[in-house]
Amino acid sequence: MKRRDFLKLSVSVAAAGALVPRARANTPLKEIRIGYQKTGVLVIARQQAILEKKFAARQIGIKWIEFTSGPPLLEAMSAGSVDLGSVGDTPPIFAQAANANVVYVAGSAITNGQGILVPANSSIQTIADLKGKRIGFTKGSSAHNVVIATLEKAGLTWSDITPVYLTPPDAVPAFANGSIEAWAVWDPYFAIGEKRQSGRILVNAHEVAKTNSFYLANKDFANSRGRETRDVIDGLADAARWAEANRAEVAAALAAVTGVPPEVQTVAANRASFLIGPLTDEIITTQQAVADRFHKLGLIPKPVVVRDAVWRSVQT
């Protein structure tokens, strides 16, 4: 193809792509698809039908789609099967490195509720004792970042451990039978390992690095459905404020929706951070440090600029 023809084709494709959000905005929206995991504000919002009530007058339905972790949730979102969802800090980094069609639309600081567990009788007493050990976690998840930050704090390198990539459901039996010697994960699985499998907390994530969770949206959806995107976040922010003040009720709601035992969800609810806010410069800077950490280790194929993936309507 001649360069002139290629340029004409590129311009045509770009123009067609620019028309997609505009066309979608003119099409009546019938349903918003929300991706969620077994914890956090989204579970509360689902249990209380907060979004269903918020959109009822506009005859927009809410479809809830459960995921075991953030990476597959963002894959579905990038493909257009999910419109909005919540994940930890690391999945968006891997998604952006893969040119995923997603944007950050809100953030939430994580002050507790994730870290690294070891068996109660383990000889591992300090972070340095992780050297040479098998650590289970979900690749590309927030637990992945916790492991790396923990190694850095102890002066260890990635090659000093044996990573074992497991989803949380698969890691539960692996931790119980000793196939892994440590387990990095988030609530409620963190609480399950602690309370149901006699796990001992070796590291709380907040002890090694600042961490955040994020609300992301399919980029085309956010750009074409700006009002609905903001309304979803506003509804979730209301749920978050309620959750901060009603933790016992939160635990009961989480147990009812997820099937995770109430005593486990009580532990998770009591130490959770719920409040949702805009993408501040501090949050973006913290997230950029996560991206730089993964690129330095060669775990993502290229550097990413987090700010480039922040939805223009939420950055402060």
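Chemist: I tried to follow the sheet that holds strand S2 (residues 61-66) on my own but got confused; where do I start?
Modeler: Through backbone hydrogen bonds, the strands of a sheet pair up, either in parallel or in antiparallel fashion. Taken together, 5 strands build an open sheet; the order of strands is S2-S1-S3-S10-S4 and the sheet is mixed. The open sheet has two edge strands, S2 and strand S4 (102-110), and neither has a second partner. Here the average twist between neighbouring strands, direction ignored, is 20°. Where S4 and strand S10 (residues 211-218) come together, 8 bridges link them in antiparallel fashion. Looking at S10, one finds that Gly107 is bridged to Phe214. Contacts from helix H5 (residues 90-97) reach strand S3 (84-87), S4 and S10, with the element oriented near 160° to S4.

Chemist: How do you make sense of the environment of Phe67 when you look at a structure like this?
Modeler: Here Phe67 shows up in the loop between S2 and helix H4 (70-78). For Phe67, the residues in contact, after removing those within four places along its chain, are Gly35, Tyr36, Gln37, Pro72, Leu73, Ala76 and Val82.

Chemist: Where do I start with the sheet that holds strand S7 (residues 162-165) in this structure?
Modeler: Taken in spatial order, the 5 strands make up an open sheet running S7-S6-S8-S5-S9, and their pairing is mixed. Of all strands in the sheet, those bounded by a partner on one side alone are S7 and strand S9 (199-204). Sheet twist, expressed as the average angle between the axes of neighbouring strands with direction ignored, equals 30°. By the bridge criterion, 4 bridges tie strand S6 (residues 134-137) to S7 in an arrangement that is parallel.

Chemist: Got a minute to help me understand the pattern of salt bridges in this structure?
Modeler: Charged atoms that come close allow side chains of opposite charge to pair. Taken as a whole and judged by the stated rule, the model has 14 salt bridges. Linking Asp83 and Arg33 is a salt bridge whose minimum nitrogen-to-oxygen distance equals 2.8 Å. Of the two residues, Asp83 sits in the loop between H4 and S3 while Arg33 sits in strand S1 (residues 31-36), which places them 50 residues apart along the sequence. Overall, the relative accessible area of 5% leaves Asp83 in the buried class.

Chemist: Is there a simple way to think about the environment of Asn112 in this case?
Modeler: With respect to the element layout, Asn112 can be found in the loop between S4 and strand S5 (114-119). Given the relative accessible area of 26%, Asn112 is considered partly exposed. Sequence separation between Asn112 and Asp160 is 48 residues; the distance between their C-alpha atoms is 26 Å. When residues no more than four places from it in sequence are discounted, the contact partners of Asn112 are Asn204, His206, Arg271 and Ser273.

Chemist: Would you mind going over unusual backbone geometry with me for this structure?
Modeler: Comment: phi is negative for the bulk of residues other than glycine, and the bulk of peptide bonds are trans. Looking along the chain, the bond that leaves Asp187 and enters Pro188 is cis, with omega of 5°. Unlike most non-glycine residues, Ala49 shows phi in positive territory, near 55°. Checked against the element boundaries, Ala49 lands in the loop between helix H2 (41-47) and helix H3 (50-55). In this structure, Ser198 is a non-glycine residue whose phi angle is positive, near 55°. By secondary structure assignment, the location of Ser198 is in the loop between helix H8 (189-195) and S9.

What counts and what doesn't
- Along each chain, numbering runs from 1 in the same order as the chain's sequence is written.
- Under the rules for a predicted model, residues below a pLDDT of 70 receive no local features and side-chain atom pairs below 80 are neither given nor counted, while totals for whole chains, interfaces and linings still include all residues.
- The basis for every side-chain value is the complete set of heavy atoms in the structure, and neither hydrogens nor water enter the calculation.
- Any two strands with at least two DSSP bridges between them are considered paired.
- Secondary structure elements follow DSSP: runs of H or I of four or more residues count as helices, runs of E of two or more count as strands, with numbering from the N terminus.
- Geometry is summarised by axes, namely lines fitted to C-alpha atoms with helices restricted to the contacting stretch, and by angles between N-to-C directions that run from 0 to 180 degrees.
- In this description, contact between two residues means that some pair of their heavy atoms is separated by no more than 4.5 Å.
- The term salt bridge refers to a side-chain nitrogen of Lys or Arg lying within 4 Å of a carboxyl oxygen of Asp or Glu.
- Residue burial is assigned from relative accessible area. The probe radius is 1.4 Å, only protein chains are included, and a residue is buried under 20% of its type maximum, exposed over 50%, and partly exposed in between.

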